[in-house]
Amino acid sequence: VLLGAYPLQLSPLQMAINAYRLASLNSAENVTTLLDDASRSEYKFFESIGDEWTEDSYLKFVQRQVWSQMRKVSKIGTASILNSLSLNLEHKGYYLYCKTGTLNDVRTGQNSERNRIKHLMVIIANQKLEEVDSVEQLKDVKYYAVYLSYMGVSDFSNDRFRKYIEAIVESSTFKAYMNN
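For clarity, every value in this text was computed on a predicted model and none was experimentally measured.

(A) Main features of the overall build of the protein. Counting secondary structure elements, the protein contains six helices and three strands. For the protein, the sequential pattern of α-helices and β-strands runs α-α-α-β-β-α-β-α-α. Taking as baseline every contact in the protein between residues at least 6 positions apart, the subset at least 24 positions apart corresponds to 59%. Of the roughly 10100 Å² that the protein leaves accessible, carbon and sulfur atoms contribute 50%.

Here it is as structure tokens:
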């Protein structure tokens, strides 16, 4: 199922790829679902940011305006159901960055809670992105991107979001990738 309004319709995998690229600031990042093909692509900093931005100034802007806000989503924002998990992960050296969203399922023609689709984008990083000193240092950060969608959930207080993220973090695949 494609998500978003015309003409911007993306698949859930494309959303996860965009999350990964947002975290890495690497427009050429190659995302895979296969652990044995988890090689990093050549780093390509965003070219279309304009001449008025340097890598350093753009990094500082994204740290203040994007990543720090995404960290708050799991602590005091719409995904605060993940707060205890976020704190637990920080003790293990991992940091959650989240973005939530809601779409109405226009296929049904009705606008009710049952027809709303809740989306949760989660980036798990092995360093605090808002404390990275340079784009060069950002290249060494490992990321794990997850994009979840649920229909008929009225808000993000539903425990299933937390359980899925916990299961991912406890999986051997996650541990092998992040600790490799």
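(B) Looking closely at the nonpolar core. In this structure, W67, I124, L129, L138, Y143 and I165 are the most contacted members of the largest nonpolar core, which totals 44 residues. Here W67 is in contact with L22, A23, L25, L59, V62, Y97, L129, E130 and L138, once residues within four sequence places are set aside.

(C) View of the packing of helix 3 (residues 83–91) against helix 5 (residues 159–170). Between helix 3 and helix 5, whose axes approach to 10 Å, the crossing angle comes to 20°. With respect to helix 5, the element helix 3 is oriented roughly parallel. Note on packing geometry: the crossing formed by helix 3 with helix 5 is left-handed. Residues S84, L85 and L89 of helix 3 touch helix 5, and the partners they reach there are R162, I165, E166 and V169.

(D) Structural detail: the side chain of T100. Position of T100 among the secondary structure elements: in strand 1 (residues 95–104). A distance of 2.5 Å separates the side chain of T100 from the side chain of T78, its partner in a polar contact.

(E) Up close: helix 1 (residues 12–24). Relative to the 18 Å expected for 13 residues at 1.5 Å per residue, helix 1 spans 19 Å between its end C-alpha atoms, a close match to the ideal helical length. Within the span of helix 1, buried status applies to A16, I17, A19, Y20, A23 and S24. The buried side chains of helix 1 occupy one side of the element, clustering within an arc of 155° when seen end-on. Of the surrounding elements, those touching the buried residues of helix 1 are helix 2 (55–73), strand 2 (116–125), helix 4 (135–138), strand 3 (143–151) and helix 6 (172–178). One or two steps after helix 1, the chain reaches L25, where phi turns positive at roughly 55°.

(F) Expanded view of the packing of aromatic side chains. Considering all chains together, one arrives at four aromatic pairs under this definition. When the centroid spacing of 5.0 Å and the interplanar angle of 65° are considered together, the rings of Y144 and F174 count as edge-to-face. With Y144 in strand 3 and F174 in helix 6, the pair connects residues that are 30 residues apart, well separated along the chain. Each member of the pair, Y144 as well as F174, carries the same accessibility label: buried. Above the ring of Y177, the side-chain terminus of K142 is found at 5.0 Å from the ring centroid.

(G) Just the pattern of salt bridges, in detail. Tallied over the entire structure, the rule returns eight salt bridges. Notably, a salt bridge pairs K75 with E90, separated by 2.7 Å at the nearest N-O pair. Here E90 lies in helix 3 and K75 lies in the loop between helix 2 and helix 3, a separation of 15 residues in the sequence. For E166, the salt bridge is made with R162, and the minimal N-O distance between the two is 2.7 Å. Of the two residues, E166 and R162 both sit in helix 5, four residues apart, roughly one turn of that helix.

Each value, and the rule that gives it
Residues numbered from 1 in each chain as written. Predicted model: local features only at pLDDT ≥ 70, side-chain atom pairs only at ≥ 80, totals over all residues. Heavy atoms only, no water. Helix = DSSP H or I, 4+ residues; strand = E, 2+ residues; numbered from the N terminus. Contact = heavy atoms within 4.5 Å. Areas by Shrake-Rupley, 256 points an atom, 1.4 Å probe, with all protein chains shown as cover. Core = buried A, V, L, I, M, F, W, Y, C linked by side-chain atoms within 4.5 Å. Buried < 20%, exposed > 50% of the residue type's maximum accessible area, 1.4 Å probe, protein only. Axes fitted to C-alpha atoms, helices over the stretch in contact; angles between N-to-C directions. Parallel < 35°, antiparallel > 145°, perpendicular 65-115°, else oblique. Left-handed = near helix turned anticlockwise from the far one by under 90°. Polar contact = N/O pair within 3.5 Å; in protein donor to acceptor, adjacent residues only side chain to side chain. Expected span 1.5 Å × (residues − 1). Arc of directions from axis to C-beta. Phe/Tyr/Trp six-rings, centres within 6.5 Å; stacked < 30°, edge-to-face > 60°. Lys NZ or Arg CZ within 6 Å of the ring centre and 35° of its normal. Salt bridge = Lys/Arg side-chain N within 4 Å of Asp/Glu carboxyl O.

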